[in-house]
Amino acid sequence: MSQAKGDRRERELVNALDEAGFAVMRAPASGSATERELPDVLAGDGEQFYAIEAKSSSGDPIYLTGEEVEALIYFARNFGAKPRIGVRFDREDWYFFHPGDLYVTDGGNYRVKKETAIADGTDFAEFVGESEKVTLEEVGDDADDGPDEDVLRVLNAVEQGVMDVEEAAEILE
């Protein structure tokens, strides 16, 4: 990916966070403008504060060096922000990860695949507090356990001719 495309993606993220109500700034040329390692984006909404390393790809896995991630964690800790890795694949939204949730390669680098971002990442709406991710397992926990046993008994009584429809309706009200 070209540096220009990476810069454009960072500006896109900054603008989206700004529109979502965050105070946000981009550290231009982060990593090369100073001896200190800086995150790409700093954002806060008065309650949540983030130091974000932003990466994008056309579809290939995104890799970060161990040094990049360590520098992000160090800066975030000293700044009082939460470290996050923001990834964006072409034709997809931004997804966010805590560095500890990323896959670590044998060489000590970090990797995010597109499928992992979509399945396990925090999407932009959830990241800015506009929605909350619900898993299928959680939906299953809230699912109705089936029809009420008392209602079934009344309906069976009507079906067997033991109770007429009017009497059943009165009971079920």
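Everything below is about the structure shown above.
What comes next is a walk through the structure. (Residues numbered from 1 in each chain as written. Predicted model: local features only at pLDDT ≥ 70, side-chain atom pairs only at ≥ 80, totals over all residues. Heavy atoms only, no water.)

**Brief notes about the sheet that holds strand β4 (residues 62-64)**
Part 1: Overall, antiparallel pairing links the three strands, which are arranged β4-β8-β7 in an open sheet. Of all strands in the sheet, those bounded by a partner on one side alone are β4 and β7 (103-104).
Part 2: As judged from the three bridges shared by β4 and strand β8 (residues 110-112), these two strands associate in the antiparallel manner. Its bridge partner being in β8, Ile62 is matched across the sheet by Val112.
Part 3: In the packing of helix α2 (residues 66-79) onto the sheet, the strands contacted are β4 and β8, and the crossing angle to β4 comes to about 70 degrees. (Pairing = 2+ DSSP bridges. Helix = DSSP H or I, 4+ residues; strand = E, 2+ residues; numbered from the N terminus. Contact = heavy atoms within 4.5 Å. Axes fitted to C-alpha atoms, helices over the stretch in contact; angles between N-to-C directions.)

**With respect to the packing of aromatic side chains**
Part 1: If you walk through the whole model with that rule in mind, you get six aromatic pairs.
Part 2: Taking the centre distance of 6.5 Å and the plane angle of 25 degrees together, the rings of Trp94 and Phe96 count as stacked.
Part 3: What makes Trp94 buried here is its relative accessible area of 3%.
Part 4: Between Phe96 and Phe124 the ring centres are 6.4 Å apart and the planes differ by 45 degrees, which places this aromatic pair in the tilted class. Taken as a pair, Phe96 in strand β6 (residues 94-97) and Phe124 in helix α4 (residues 124-127) lie far apart in primary sequence, 28 residues in all. (Phe/Tyr/Trp six-rings, centres within 6.5 Å; stacked < 30°, edge-to-face > 60°. Buried < 20%, exposed > 50% of the residue type's maximum accessible area, 1.4 Å probe, protein only.)

**As for the nonpolar core**
Part 1: Residues Ala51, Leu64, Val87, Phe97, Leu102 and Ala117 are the most contacted members of the largest nonpolar core, which totals 18 residues.
Part 2: Those elements that place two or more of their residues in this core are β4, α2, β5 (82-89), β6 and β8.
Part 3: The element best represented in this core is α2, accounting for four residues.
Part 4: Excluding residues within four positions of it along the chain, Ala117 makes contact with Val87, Phe89, Tyr95, Phe97 and Val112.
Part 5: Grouped together as the second largest cluster of nonpolar side chains are 14 residues, Val14, Ile52, Trp94 and Phe127 included. (Core = buried A, V, L, I, M, F, W, Y, C linked by side-chain atoms within 4.5 Å.)

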